[in-house]
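# Per-entry structural report
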Amino acid sequence: MPSNTRNNLLRAVSKQPLEDTPKIRLTEVAKNFSVRGQDIEALRPINLEIRPCEFVALVGPSGCGKSTILNMVAGLMKPSSGAVLYDNKAVTEPNRNIGYMTQKDTLLPWRTTAQNIGISLELKCRANERGQARDRIAQIIELVGLKGFEHHYPSELSGGMRKRVALARTLLYQPETLLMDEPFGALDAQLKLVMLDQLQRLTATRHMTVLFVTHDLGEAITLADRVVVFGARPGRIRTVRTINLPRPRDVFKIRFTEAFARIHEDLWDELKDEVMQGSDV
Amino acid sequence: MTASIRASTTSRSENGPRWRQKLLFTRAGRTTVRLAAVAAILLFWQLMPMDRSAKMWASDPAAIVATLWDWILDGSLWHHLGATLLVMSLGYVIGCAVGAALGLVFGFFPFFYRILAPYISAFYALPKIALAPLFIILLGVGVESKVALVALTVFFLVLNSTIEGARNVDPDSVEGLILMGSTRSEIVAKVLLPASMPWIFTGMRIAVRYAFTNTLLAELIAANSGLGYLIQYNSATFDSSGVYASILVLVVFSVTLTEILTRLEKHLGARHE
């Protein structure tokens with residue numbers, strides 16, 4: 001299991017026990033939507049297992065059911081058939097072990113940056129963490145590069161900044177598993193790399209399991225232990241590729257290495273057909 | 001020809017002789033013109049030759065001022081003004097409180113709303129003033145029946161806009177908070193309530209005007225006090241000076257109310273930005 005390099009590395013530095021049971025398991029999961037009385041097959045039965053602390057990227061054209069998978073893992077949507085398991089238990093209600101960063105930022109317009117980010121620590125279920133809230137919020141604001149914007153309202157921020165507020169809000173309470181739906185789509189190229197770097201560092205030190213949806217293949221290869229390429233209409237898995245690039249990765253330079261280029265080319269060949277197909281619909 | 005083109009392209013205030021500029025384009029000048037116009041009309045009204053029956057219908061400014069002065073001296077002006085203000089504000093406060101509270105309940109438990117929706121929209125559509133005679137039968141001609149009518153009018157306005165607000169809460173924000181582990185009451189306090197607030201305020205803002213109009217209409221229909229009653233009473237007793245005097249009071253009252261509201265909205269709006 002070559003993708004275990006990262007897990008081995010983590011085990012070495014953190015003595016984190018590694019179970020063999022998957023964190024997330026999808027067995028024969030399919031999803032149909034009914035649109036205006038018509039049944040649309042959004043996702044054909046797929047199988048996918050995600051190990052604890054694994055970083056898995058889902059790549060594919062739009063409409064291939066990537067977001068649907070995240071919604072089902074989060075417990076916000078039920079599969080039409082098959083089973084979604086989290087820690088070997090069926091997900092039947094909103095899954096509180098995960099932090100979900102949706103495609104659309106769901107910031108509350110009447111709260112400032114700092115208030116939006118800190119909302120999770122105001123909840124009763126984290127009452128014991130309230131004491132360190134101020135420091136942790138300040139720290140995470142610094143981390144996502146929003147220093148000086150603590151007291152701004154979402155309407156006063158750019159799209160990219162709002163994304164970073166949403167990211168900080170999700171990271172702040174250190175959920176066990178992160179679900180991210182194109183989190184960096186609205187960022188400019190340089191800032192995106194900085195964010196990728198931070199995300200890689202944070203998820204590794206906090207032993208997070210990550211399910212990361214993106215349409216940017218380079219981003220996926222840079223971050224992930226495994227890249228799952230999806231085909232569209234109906235959604236299905238085309239190929240799964242383990243990324244053997246050593247960790248920690250230098251997000252700024254890795255894309256210029258030969259190994260990266262090779263993986264990119266292979267996966268792009270897979271993805272290309274799907275993208276072409278998608279564009280003429 | 002060229003001169004007139006040049007004149008029309010230069011700015012407006014450079015046009016015409018100096019005295020006209022001063023009158024039309026300065027604040028003091030405009031006020032002077034305005035007051036002079038009113039004074040001219042009043043003077044004409046006062047001095048116009050009228051026989052006794054014409055005088056009875058049309059009255060004249062001096063008689064109107066005399067009537068007003070009598071009312072101020074015997075305190076009846078304050079009595080009626082106070083009655084109108086009481087009905088309006090009491091009805092408004094009750095209507096807002098109940099409307100917002102029930103609206104939030106309906107918004108958060110859509111089940112109730114789905115059952116009651118047809119009745120609510122039927123009542124919402126009904127011009128509430130049509131119920132004034134009914135309330136007078138039920139509660140008498142006193143202040144109570146008017147308060148009830150105004151409260152009902154305000155209630156439906158605030159209720160509807162509150163429900164609208166509660167239904168427009170972004171479900172994704174709610175889901176996000178659920179995934180963070182929040183309880184039901186935390187969702188109400190942190191998302192549903194603050195998200196509905198602007199809608200509640202919009203309803204309340206619109207309701208002020210309705211409360212005022214309906215107070216007056218209710219007093220016109222049947223009452224024993226209030227500005228509307230004053231107009232109605234003087235008209236019924238063929239006291240045209242009294243009618244004009246009470247309309248004058250009403251004008252001052254509504255201008256003041258509008259001015260206060262505009263300032264308040266500006267102030268709150270600025271703070272919200």
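These lines cover the structure that appears in this document, whether it is placed above or below. (Residues numbered from 1 in each chain as written. Chains lettered and ligands numbered in written order. Predicted model: local features only at pLDDT ≥ 70, side-chain atom pairs only at ≥ 80, totals over all residues.)

Bringing the overall build of chain A into the picture now. Per the secondary structure count, chain A includes eight helices and 10 strands. Radius of gyration (C-alpha) of chain A: 19 Å, near the 19 Å computed for a compact globule of 281 residues. With the C-alpha coordinates of chain A rotated into their principal frame, the extents come out at 50 × 50 × 40 Å. In chain A, which comprises 281 residues, the share counted as buried stands at 43%. (Helix = DSSP H or I, 4+ residues; strand = E, 2+ residues; numbered from the N terminus. Rg over C-alpha atoms; globule rule 2.2 N^0.38 Å. Buried ≥ 20, exposed ≤ 12 C-beta atoms within 10 Å, placed from the backbone.)

Residue Pro248 of chain A is bonded to the preceding Arg247 of chain A through a cis peptide linkage, with omega at -10°. Within the secondary structure layout, Pro248 of chain A lies in the loop between strand 10 (236-242) and helix 8 (258-279). A positive phi angle is found at Asp87 of chain A, which is not glycine, with a value near 50°. Its location among the elements puts Asp87 of chain A in the loop between strand 4 (81-86) and strand 5 (89-90). Non-glycine residue Phe238 of chain B carries a positive phi angle of around 55°.

On to the pairing of strand 3 (residues 55-59) of chain A. Residues and elements named next belong to chain A. Among the five residues of strand 3, five are classified as buried, and the element is accordingly described as predominantly covered. Residues Phe55, Ala57 and Val59 point to one face of strand 3 and Val56 and Leu58 to the other, with burial holding for every one of them. Both strand 3 and strand 8 (residues 209-214) contribute to a ladder of five bridges, which runs parallel. Paired with Ala57 across the bridge in strand 8 is Phe212. Here strand 3 pairs with strand 9 (residues 226-231) via four bridges, running parallel. Within strand 9, the position partnered with Leu58 by the bridge is Val228. (Pairing = 2+ DSSP bridges.)

Moving on, we come to the interface of chain A and chain B. If you look at the interface, chain A gives 18 residues, while chain B gives 15 residues. Its residues assigned to classes, the side of chain A that touches chain B comprises 11 nonpolar, four polar and three charged. (Contact = placed C-beta atoms within 7 Å. Nonpolar A, V, L, I, M, F, W, Y, C, P; charged D, E, K, R; others polar.)

To continue, consider the packing of helix 4 (residues 133-143) of chain A against helix 5 (residues 159-172) of chain A. Residue and element names in this part refer to chain A. With their axes 10 Å apart at the nearest point, helix 4 and helix 5 run at an angle of 135° to one another. By the angle between their directions, the pair helix 4 and helix 5 is classed as oblique. In this structure, helix 4 meets helix 5 at a crossing whose hand is right-handed. Across from Arg136, Ile137, Ile140 and Ile141 in helix 4, the residues of helix 5 making contact are Ala168, Leu171 and Leu172. (Axes fitted to C-alpha atoms, helices over the stretch in contact; angles between N-to-C directions. Parallel < 35°, antiparallel > 145°, perpendicular 65-115°, else oblique. Left-handed = near helix turned anticlockwise from the far one by under 90°.)

Attention now moves to the pairing of strand 8 of chain A. Residue and element names in this part refer to chain A. Summarising burial for strand 8: six of the six residues are buried, a large majority. Of the two faces of strand 8, the one carrying Thr209, Leu211 and Val213 and the one carrying Val210, Phe212 and Thr214 are both buried. In this structure, strand 7 (residues 177-181) lies alongside strand 8, joined through five bridges in parallel fashion. In the sheet register, Leu179 faces strand 8, and the bridge partner there is Leu211. The parallel pair strand 7 and strand 8 is bridged by helix 6 (residues 189-205), and the resulting crossover is right-handed. (Right-handed = clockwise from strand over helix to strand, strands pointing away.)

This paragraph deals with the environment of Ala133 of chain A. Residue and element names in this part refer to chain A. Mapped onto the secondary structure, Ala133 falls in helix 4. Here the alpha-carbon distance between Ala133 and Leu196, two residues 63 residues apart in the chain, equals 24 Å. Sequence-distant contacts of Ala133, that is, excluding residues within four places in its chain, are made with Gly118 and Leu121.

Moving on, we get to the sheet that holds strand 10 of chain A. Within a sheet, adjacent strands bond to each other through the backbone by hydrogen bonds, running parallel or antiparallel. Residues and elements named next belong to chain A. Pairing is mixed in the open sheet, where six strands are placed in the order 6-7-8-3-9-10. Whereas interior strands pair on both sides, the edge strands pair on one side only; in this sheet they are strand 6 (98-101) and strand 10. If you compare each strand with its neighbour and ignore which way they point, the axes differ by 15° on average. In this structure, strand 9 lies alongside strand 10, joined through six bridges in antiparallel fashion. For Val227, the partnering residue across the bridge sits in strand 10 and is Arg241.

Moving on, we get to the packing of helix 6 (residues 76-108) of chain B against helix 11 (residues 184-221) of chain B. Residues and elements named next belong to chain B. The interhelical angle for the contact between helix 6 and helix 11, taken along N-to-C directions, is 145°, at an axis separation of 8 Å. In this structure, helix 6 meets helix 11 at a crossing whose hand is right-handed. The segment helix 6 lies against helix 11, with Thr84, Val87, Met88, Gly91, Tyr92, Gly95, Cys96, Ala100, Leu104, Gly107 and Phe108 engaging Val188, Leu192, Ser196, Ile200, Met204, Ala207, Val208, Ala211, Phe212, Thr215 and Glu219. Across the contact of helix 6 with helix 11, the residue classes tally to 15 nonpolar, six polar and one charged.

Let us now look at the environment of Leu90 of chain B. Residue and element names in this part refer to chain B. Locating Leu90 in the fold gives a position in helix 6. Residue classification places Leu90 among the partly exposed positions, given that 19 C-beta atoms sit within 10 Å. Along the primary structure Leu90 and Ala211 are separated by 121 residues, whereas in three dimensions their C-alpha atoms are 9.9 Å apart.

All right, on to the nonpolar core then. Membership of the largest hydrophobic core comes to 79 residues, with the highest contact counts inside it found for Val73 and Phe212 of chain A. No other element matches the seven residues that helix 5 of chain A contributes to this core. Each residue touching Val73 of chain A, except ones within four places of it in the same chain, is listed here: Ile24, Val84, Tyr86, Val91, Asn95, Ile98, Leu179 and Leu211 of chain A. Counting 46 residues, the second-largest nonpolar core is a separate cluster that includes Phe106, Val147, Ala151 and Ala166 of chain B. (Core = buried A, V, L, I, M, F, W, Y, C linked by C-beta atoms within 7 Å.)

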